[in-house]
Amino acid sequence: MNCPYCSNTTSRVTNKRGSPEGVRRRRECLKCKKRYTTYEKIDKGEIWVIKKDGTRQIFQIDKIKVGVERAFEKRPVSKEEIKKTLDEIEEQIRKKGKREIRSSIIGELVMKKIKKLDNIAYIRFASVYKEFKDVQDFKKEIKDL
Ligand SMILES: [Zn+2]
């Protein structure tokens, strides 16, 4: 990034502001000390997850990973299988080619994948994800398996 005044390439970021469209940075040129603003659009690869309460965050498989690994704790499913499943989930989400995706869609996809591997892990994940209100909900879910 060149300084628009002296073309110097080194600068100091004095302020940074992010939005779903990009990141705006206030910079100070280290040579001429003039200030300028740069604007970087978010990479094409970014996918925004829209949560139930309307807030957004950048999709990261690592966020799903924690919950999935917890669900498979002490279950007879290898780490490789879990990793492969997470890769598949990420690939399917990216394949949709959307810039925004509802968290509920991701949740359903993850549950579908887990269900194929292990019923206990599925129940564990679903009970956290679906926030079962009472025992009836839970029983219904088990009956549907
Ligand atoms: Zn400069």
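Refer to the preceding data block for the structure.
Being a predicted model, the structure only gives us computed values, none of them experimental. (Residues numbered from 1 in each chain as written. Predicted model: local features only at pLDDT ≥ 70, side-chain atom pairs only at ≥ 80, totals over all residues. Heavy atoms only, no water.)

Colleague: Mind showing me how you'd approach the pattern of salt bridges here?
Modeller: If charged atoms from side chains of opposite charge come close, those side chains can pair. Scanning the model with the defined rule gives nine salt bridges in all. A salt bridge links arginine 56 to glutamate 100; the shortest N-O distance between them is 2.5 Å. Of this pair, arginine 56 sits in strand 5 (residues 56-58) while glutamate 100 sits in strand 6 (residues 100-102), and the two are 44 residues apart along the sequence. Notably, a salt bridge pairs glutamate 88 with lysine 113, separated by 2.9 Å at the nearest N-O pair. With glutamate 88 in helix 2 (residues 79-95) and lysine 113 in helix 3 (residues 103-117), this residue pair connects regions lying 25 residues apart in the sequence. Judged by relative accessible area, which is 27%, glutamate 88 ranks as partly exposed. (Salt bridge = Lys/Arg side-chain N within 4 Å of Asp/Glu carboxyl O. Helix = DSSP H or I, 4+ residues; strand = E, 2+ residues; numbered from the N terminus. Buried < 20%, exposed > 50% of the residue type's maximum accessible area, 1.4 Å probe, protein only.)

Colleague: I would appreciate a short explanation of the sheet that holds strand 5 in the present structure.
Modeller: In any sheet, the strands associate via hydrogen bonds between backbone groups, in a parallel or an antiparallel arrangement. Taken together, the three strands give an open sheet; going across it, the order is 5-4-6, and neighbouring strands pair in mixed fashion. Looking along the sheet, the strands with just one partner apiece sit at the ends: strand 5 and strand 6. On average, each strand axis in the sheet is inclined to that of its neighbour by 30°, with strand direction left out of account. Pairing geometry for strand 4 (residues 48-50) and strand 5, over three bridges, is antiparallel. The partner of isoleucine 50 across the bridge, within strand 5, is arginine 56. Across the sheet, helix 3 lies against strand 4 and strand 6, angled at about 65° from strand 6, the strand it touches most. (Pairing = 2+ DSSP bridges. Axes fitted to C-alpha atoms, helices over the stretch in contact; angles between N-to-C directions. Contact = heavy atoms within 4.5 Å.)

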